[in-house]
Amino acid sequence: MPINLEIVSPEKLLLSRDVDMVVIPASEGDMGVLEGHSPTTVTLRGGIVSLYEGDRLLESLFVAGGFAEVTPDRCTVLAGEAMAVNELDRTEAEKRLRDAEEAHAQVDSDDLAEGELALERVHSARAMMEAIDGLLSGH
Amino acid sequence: MPSLKALRMRINSVKSTQKITSAMKMVAASKLRRAQQQAEAARPYAIRMGRMLNALAASVADSPSAPALLAGTGKDQVHLLIVVTADRGLAGAFNSSIGRAARTRARALEAAGKTVKILAVGRKGRDYLRRELGSRIVGDISYAGKRRIDYGDADALAKQVTAMLFAGKFDVATLIYNRFQSVIAQIVTEQQLIPAPPVKDEAGNSETAAMPEFEPDEETILNRLLPQALAVQLYTALLESSAGEHGARMTAMDNATRNAGDMIKRLTLNYNRARQANITRELIEIISGAEAL
C-alpha cells in the first residue's frame, strides 16, 4: 500500500507522489516510513531521502536539514533545500563545507545555540560530500 | 485661449506621458503574474509549516518554558512594528495607506504609554515615516534593484528580528503589510508575529486530535521550527506585498493612461476649434479687405 510523499521547500512544492516506502534522515538516525506509521514529527539532518517502490530504489534526493511530519498515510518533508543526488555538484559541496567549517570556527564558544546550528551546517555539508562520493563509487 | 503652438506642444507632451504610463502598466501586469506565481508556489510550505506548528504549540502551550518566539517575553512594553512597503512609487495609494496605518498604530501605542520601534522594509515606507516618526526607526531594509525576492531575504530579515528579540530590544512584534486580494484591492493587514497569536482551532479537523510523537522532544523541534516559521510568515508577507504593489501600480497606470487619453481628446478638440477660428478670421479679413477696395 502506498503512502503519499511530499517534499516542499519554502519556495515551492518539489515533489508529490505515492511511494511504498521512504527513508528519511531524521536527526536521531535514518527512519524508514511505511504505510500505517504512527504520527510522528521529527527534525532532519542533512542527508538523503530515498524513495522505494517495492524493494526497488526509485529516486534519492539530498536534503539540507528540515522537518518531517509523518501520519499513517502521508509523509511530508519540509526541506530547507532539496536536490536530486545526481545533480549535486562537488565543487559547490566543497565550498559549502569550507564555509560551514569557517563559520563554525568563528562562533562564540559561549553561544551554544549558534554553535549547534553551525555544527549542524558542517554535518549537512559533509553529508552532501558523502552523497556525491557514494554516487561516484557506484553506490 | 492658448496659441496653436502651445496647444500642439501640450498634446505632444501628454501623448508621451501616455506612452510611458501604458508601458508601465504592461510591465506591472507581467511582474504581477510572476509575483502571483511565486506566492502560489510558496503556499504549500506555509500551510504545512502552520499545521506542524499548531500541533506542536498545542502540546507545549501550558509549559512555562515555552520559547520566547512563541510566548513572547512576558511583557508588553516595547512594540516593534515591521512595516512592509514598496521601493518604488507610482502605485496609487499602496504605500501611503501602509504609512498611514503604521502611523495610526504607533500613535495609539504611544498614547497608551508604550514604546514604539519601527523596522521599515521598503524605501517608500521609510521615507514616509521618517518625517514624523524618524526617531522610532531602528532599521530599514530595501530590496530595490532585486529582480525578485527570494526566501533568503526573508530568512535574513527573520534572523535580524530574532536577534533583536533575544537582545531584549522589544516585547511584541507586529507586521503591517498589504495583502493582495485582487488587482484593485489590497488590504492593509496587521499581523502579530511575536508572541505568536493563540492557535486557531479549525472546526472538523480531526488530525490535530491525534497527538503525534516528537523526535527529538517538542522543545528541540520548536526551537528549530519557530525561526523557520517566522521566516515563512515574513516571506509570505513580502510576496503578498510585492504582488499587491504590482497590482496597485497596474491599476494606477491604467487610470493614468485613460486620463491621458481623455486629456488628449479634449486638447485636440480645443486645438481644432482654435484652428477653425483662425481660418474663419483670416477669411473674414480677406473678404472684408476685398470688399473695401
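Quick caveat: nothing in here was measured; it's all calculated off a predicted structure. (Residues numbered from 1 in each chain as written. Chains lettered and ligands numbered in written order. Predicted model: local features only at pLDDT ≥ 70, side-chain atom pairs only at ≥ 80, totals over all residues. Heavy atoms only, no water.)

Enquirer: Help me understand the packing of helix α1 (residues 4-60) of chain B against helix α6 (residues 218-292) of chain B, please; the structure alone is not making it clear to me.
Expert: In a pair of packed helices, the angle between the axes and the distance between the axes together describe the arrangement. Residue and element names in this part refer to chain B. Put simply, α1 and α6 touch, their axes get as near as 5 Å, and they point 160° apart. The orientation of α1 with respect to α6, classified from their angle, is roughly antiparallel. Between α1 and α6 lies a crossing of left-handed hand. Across the contact of α1 with α6, the residue classes tally to 36 nonpolar, 15 polar and 11 charged. (Axes fitted to C-alpha atoms, helices over the stretch in contact; angles between N-to-C directions. Helix = DSSP H or I, 4+ residues; strand = E, 2+ residues; numbered from the N terminus. Parallel < 35°, antiparallel > 145°, perpendicular 65-115°, else oblique. Left-handed = near helix turned anticlockwise from the far one by under 90°. Nonpolar A, V, L, I, M, F, W, Y, C, P; charged D, E, K, R; others polar.)

Enquirer: Would you explain helix α3 (residues 94-111) of chain B in this entry?
Expert: For an α-helix, the turn length of 3.6 residues means that residues three or four places apart are oriented alike. Residues and elements named next belong to chain B. Helix length check: α3 (18 residues) gives 26 Å between terminal C-alpha atoms against 26 Å at 1.5 Å per residue, within 8%. Residues of α3 that are buried: F94, N95, S97, I98, G99, A101, A102, A106 and L109. Contacts from the buried residues of α3 go to β1 (78-84), β2 (115-121), α4 (123-133), β4 (172-180), β5 (186-194) and α6. In the segment just after α3, G113 is the residue with positive phi, at about 85°. (Expected span 1.5 Å × (residues − 1). Buried < 20%, exposed > 50% of the residue type's maximum accessible area, 1.4 Å probe, protein only. Contact = heavy atoms within 4.5 Å.)

Enquirer: When you look at the sheet that holds strand β3 (residues 137-141) of chain B in this model, what are you seeing that I'm missing?
Expert: Within a sheet, adjacent strands bond to each other through the backbone by hydrogen bonds, running parallel or antiparallel. All names here are of chain B. The strand order across the open sheet built from 5 strands is β3-β2-β1-β4-β5, with neighbouring strands paired in mixed fashion. Looking at strand neighbours, the two that pair on one side only are β3 and β5, the edges of this open sheet. When the angles between neighbouring strand axes are averaged without regard to direction, this sheet yields 20°. Its contacts with the sheet put α3 on β1, β2, β4 and β5, and the angle it makes with β4 is roughly 155°. (Pairing = 2+ DSSP bridges.)

Enquirer: When you look at the pattern of salt bridges in this model, what are you seeing that I'm missing?
Expert: Side chains that differ in charge, positive against negative, can pair when their charged atoms come close. Residues and elements named next belong to chain B. Going through the model one piece at a time under the given rule, you end up with 24 salt bridges over all chains. Between K25 and D254 there is a salt bridge whose closest N-O contact spans 3.2 Å. Here K25, found in helix α1, pairs with D254, found in helix α6; they are 229 residues apart in sequence, far enough to count as distant. Overall, the relative accessible area of 26% leaves D254 in the partly exposed class. Among the ionic contacts, a cluster of salt bridges with common partners joins R103, R107, E110, E132 and R136. (Salt bridge = Lys/Arg side-chain N within 4 Å of Asp/Glu carboxyl O.)

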